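Architecture at a glance
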Amino acid sequence: MKNSVTVFLQQGSHKQNAKTIKQLIESELIKEIIIVSSDEKYSSFEKATVIHSKHFNSSETIKLFAQFSSTEYTMIISEQNSIKPGQFCLDRFFQIAKNTNASMVYSDFYEEDKGKLTPHPVIDYQEGSLRDDFDFGKILFVRTDLLKSVAKRDESNFRFAGLYNLRLGLAQLGRIIRVPEYLYTVESPEEIGTEEKHFSYVDPKNREVQIEMEKAVTQYLKDIDAYVHPPFKEIDLSAAKNFEFEASVIIPVKNRVKTIGDAIESVLKQKTDFKFNLIVVDNHSTDGTTDIIKKLASNDERLIHYIPERNDLGIGGCWNAGAHHNKCGRFTVQLDSDDIYKDENTLQTIVDVFHKEKCGMVIGSYQITDFNLNELPPGLIDHKEWTDDNGPNNALRINGLGAPRAFFTPLLREIKIPNVSYGEDYSIGLAVSRQFKIGRIYHSIYLCRRWEGNSDARLDIVKMNLNNTYKDRIRTFELLARKKANSKL
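Small disclaimer: the values here were computed from a predicted structure and weren't measured.

1. Points about the pairing of strand β2 (residues 30-37)
- Counting buried positions along β2 yields 6 of 8 residues, so the element is predominantly enclosed.
- In this fold, the crossover linking strand β1 (residues 5-10) to β2 by way of helix α1 (residues 14-24) has right-handed handedness.

Right, dumping it as structure tokens:
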């Protein structure tokens with residue numbers, strides 16, 4: 001049990017690293033602590049070895065882990081602030097890894113700010129946990145033999161996706177296990193002094209990083225036989241002739257008295273060369289929303305005010321109610337009750353793409369604004385990481401596909417949307433992309449408003465974890481479906 005762990009520590013300030021090392025070195029499990037520095041001039045540290053790599057998350061660094069770790073387990077600390085191990089932290093990591101034969105173990109942790117501990121729970125790893133920003137916390141406890149195996153076969157030479165690629169490789173070779181216990185504390189920089197320079201590595205969200213992440217997940221999907229191949233199916237428009245309306249905009253709404261009028265008006269002013277309507281699924285609003293919809297519907301027969309009999313519907317269930325309505329058009333187009341279309345050409349633009357590309361789904365681009373429509377950073381969200389050939393595969397890595405979303409109604413009715421209020425759009429997008437072509441619009445056609453009343457405002461970590469767990473479950477379902485489909489080829 002002694003000398004069973006090699007620790008790799010990302011370089012922070014001298015004081016931060018010294019504090020972490022002092023607390024770790026007390027454990028007899030640790031054989032060696034190695035600091036990974038990007039600074040070639042940084043060559044020595046008391047009670048630690050120093051090695052050099054330009055990027056901590058790179059393939060180069062992973063290969064150095066494999067080269068320098070001579071113990072049964074390797075502990076990777078991807079945090080520049082100091083780490084305070086909890087009671088028997090190392091023992092707990094070691095015992096669970098050993099007893100379960102896990103390829104990697106991680107845990108919940110505390111964050112400390114001015115002496116106050118705040119719990120930071122993480123979530124369980126699933127087969128579909130493919131997001132490159134999955135929160136493992138700051139400590140990864142890895143079986144060294146499997147780390148070496150992944151490093152040996154990695155020929156990618158990633159600058160940014162090396163650690164992500166390691167995790168995907170470990171998932172193939174064994175179980176990745178979360179310990180739902182707070183095994184350590186990450187101390188805030190204020191606790192140790194702010195006078196020293198912090199050597200922070202920030203993963204830039206630019207195209208170069210995204211290309212590497214996509215390359216890593218694509219190879220992983222090929223390795224596990226979950227990769228979907230182009231060409232993707234085109235829809236047969238001639239098979240959907242019995243629709244009175246060419247398109248229907250669907251707005252699910254509950255208690256949006258401040259915004260529903262703007263949303264409806266942005267639809268009714270659309271200019272098209274086809275017949276369309278608007279189905280507002282009013283999920284038993286109690287704040288005056290219903291009265292606004294009734295008034296607007298009385299002045300425009302294109303507006304259908306539908307109040308479902310059921311009282312158990314989420315946003316997805318409301319979408320199903322709209323899509324299965326007998327007045328629903330051949331194409332169904334999304335608009336959230338907080339948001340508006342950018343101009344009067346949005347609907348025509350979307351339907352034109354359906355006809356031109358024969359796709360099962362069309363996804364546009366949007367701008368983020370405040371309540372008064374002033375643009376907020378980062379502004380335009382266009383998801384240009386999408387490619388026709390590989391977008392359906394990379395979709396399993398990213399956390400959303402874009403907006404507004406529109407569907408070929410017969411396909412939407414066949415697949416159906418999960419009756420939930422988060423991730424329902426992502427779920428249907430993945431399911432459609434498994435087989436059918438997805439059309440994209442890369443200029444802004446939609447304004448997404450952020451304000452204190454909408455569902456994206458101020459989510460705490462518990463709610464974010466619930467959301468991320470569900471999306472990972474969706475990815476797991478989709479991954480298994482793709483494996484099954486490929487097994488029949």
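Having seen the model, we can carry on.
2. Focus: the nonpolar core
- Core analysis: the largest hydrophobic core is formed by 143 residues, its most contacted members being F141 and I251.
- Setting aside residues no more than four positions away along its own chain, F141 makes contact with V5, Y73, T74, M75, L90, F93, F94, A97, S103, M104 and V105.

3. Things to note about helix α6 (residues 207-223)
- Its 17 residues place the ends of α6 24 Å apart at the C-alpha level, agreeing with the 24 Å of an ideal helix rising 1.5 Å per residue.
- Buried within α6 we find V209, Q210, E212, M213, E214, A216, V217, T218, Y220 and L221.
- Turning to α6, the residues buried within the fold contact α5 (162-173), α11 (391-394) and α14 (461-487).
- Downstream of α6 by one or two residues, D225 has phi in the positive range, about 60 degrees.

4. Things to note about the confidence of the model for the protein chain
- Per-residue confidence for the protein chain averages 93 on the pLDDT scale, and 95% of its residues sit at or above 70.
- For residues 190-204, every residue scores under 50 in pLDDT, and the model assigns this stretch 34 contacts once sequence neighbours within four places are set aside.

5. Considering the packing of helix α13 (residues 424-433) against α14
- At a minimum axis distance of 10 Å, the contact between α13 and α14 shows a crossing angle of 15 degrees. Judged by the inter-axis angle, α13 sits roughly parallel to α14. Note that α13 runs across α14; the crossing there is right-handed. Residues Y426, S427, L430, A431 and S433 of α13 form the contact with α14, whose participating residues are K471, I474, R475, E478 and R482.
- Looking at side-chain class alone, the contact of α13 with α14 contains 4 nonpolar, 2 polar and 4 charged residues.

6. Concerning the side chain of T259
- With respect to the helices and strands, the residue T259 is situated in the loop between β10 (247-253) and α7 (260-268).
- Aside from chain neighbours lying at most four places away, what touches T259 is S337, D338, F371, R449 and W451.

7. Side note on the packing of α5 against α6
- In the contact formed by α5 and α6, the axes pass within 9 Å of each other and the chain directions differ by 10 degrees. One finds that α5 runs roughly parallel with respect to α6. Of the two elements, α5 crosses α6, and the hand of that crossing is right-handed. For the pair α5 and α6, contact is made by Y164, N165, L168, A171 and Q172 and by M213, A216, V217, Y220 and D223, respectively.

8. Concerning the packing of aromatic side chains
- Throughout the structure, instances matching the rule amount to 18 aromatic pairs.
- Relative to F65, the ring of F8 lies with its centre 4.5 Å away and its plane at 45 degrees, an arrangement referred to as tilted. Of this pair, F8 sits in strand β1 while F65 sits in helix α2 (residues 59-68), placing them 57 residues apart in sequence.
- Take F8: its relative accessible area is 0%, and that puts it in the buried class.
- Here Y106 and F134 contribute two aromatic rings whose centre-to-centre distance is 6.2 Å and whose plane-to-plane angle is 85 degrees, an arrangement assigned as edge-to-face. With Y106 in strand β6 (residues 104-113) and F134 in the loop between β7 (116-120) and β8 (139-143), this pair connects stretches of sequence that are 28 residues apart.

9. Side note on the pattern of salt bridges
- Per the counting criterion, the structure on display carries 25 salt bridges.
- Between R92 and E181 there is a salt bridge, with its nearest N and O atoms 2.7 Å apart. Of the two residues, R92 is situated in helix α3 (residues 89-100) and E181 in strand β9 (residues 176-187); the sequence distance between them amounts to 89 residues.
- One connected set of salt bridges, linked through shared partners, spans K19, K84, E112 and E187.

10. Some points on the environment of V249
- Mapped onto the elements of the fold, V249 is located in strand β10.
- Look at V249 and you get buried, because its relative accessible area is 0%.
- Residue contacts for V249: discarding those within four places in its chain leaves V267, N277, L278, I279, V333, L335, Y341 and L347.

11. As for the environment of L430
- Within the secondary structure, L430 is located in helix α13.
- With a relative accessible area of 0%, L430 lands in the buried category.
- Remark: the alpha-carbon pair of L430 and Y184, spanning 246 residues in sequence, is separated by 37 Å.
- Contact partners of L430, with chain neighbours within four places excluded, come to A395, L396, L401, I474, R475, E478 and R482.

12. A word on unusual backbone geometry
- Put simply, P230 and P231 share a cis peptide bond, and its omega is 0 degrees.
- As for its placement among the helices and strands, P231 is situated in the loop between α6 and β10.
- Omega for the bond connecting P377 with P378 falls within 30 degrees of zero, at 0 degrees, which places this linkage in the cis form.
- Mapped onto the secondary structure, P378 falls in strand β16 (residues 375-381).
- In this model, K416 sits at a positive phi of 70 degrees, which is unusual for a non-glycine residue.
- Residue placement: K416 occurs in the loop between α12 (409-415) and α13.

Here is what the cut-offs are and how they apply
Residues numbered from 1 in each chain as written. Predicted model: local features only at pLDDT ≥ 70, side-chain atom pairs only at ≥ 80, totals over all residues. Heavy atoms only, no water. Buried < 20%, exposed > 50% of the residue type's maximum accessible area, 1.4 Å probe, protein only. Helix = DSSP H or I, 4+ residues; strand = E, 2+ residues; numbered from the N terminus. Right-handed = clockwise from strand over helix to strand, strands pointing away. Core = buried A, V, L, I, M, F, W, Y, C linked by side-chain atoms within 4.5 Å. Contact = heavy atoms within 4.5 Å. Expected span 1.5 Å × (residues − 1). pLDDT = per-residue confidence, 0-100. Axes fitted to C-alpha atoms, helices over the stretch in contact; angles between N-to-C directions. Parallel < 35°, antiparallel > 145°, perpendicular 65-115°, else oblique. Left-handed = near helix turned anticlockwise from the far one by under 90°. Nonpolar A, V, L, I, M, F, W, Y, C, P; charged D, E, K, R; others polar. Phe/Tyr/Trp six-rings, centres within 6.5 Å; stacked < 30°, edge-to-face > 60°. Salt bridge = Lys/Arg side-chain N within 4 Å of Asp/Glu carboxyl O.

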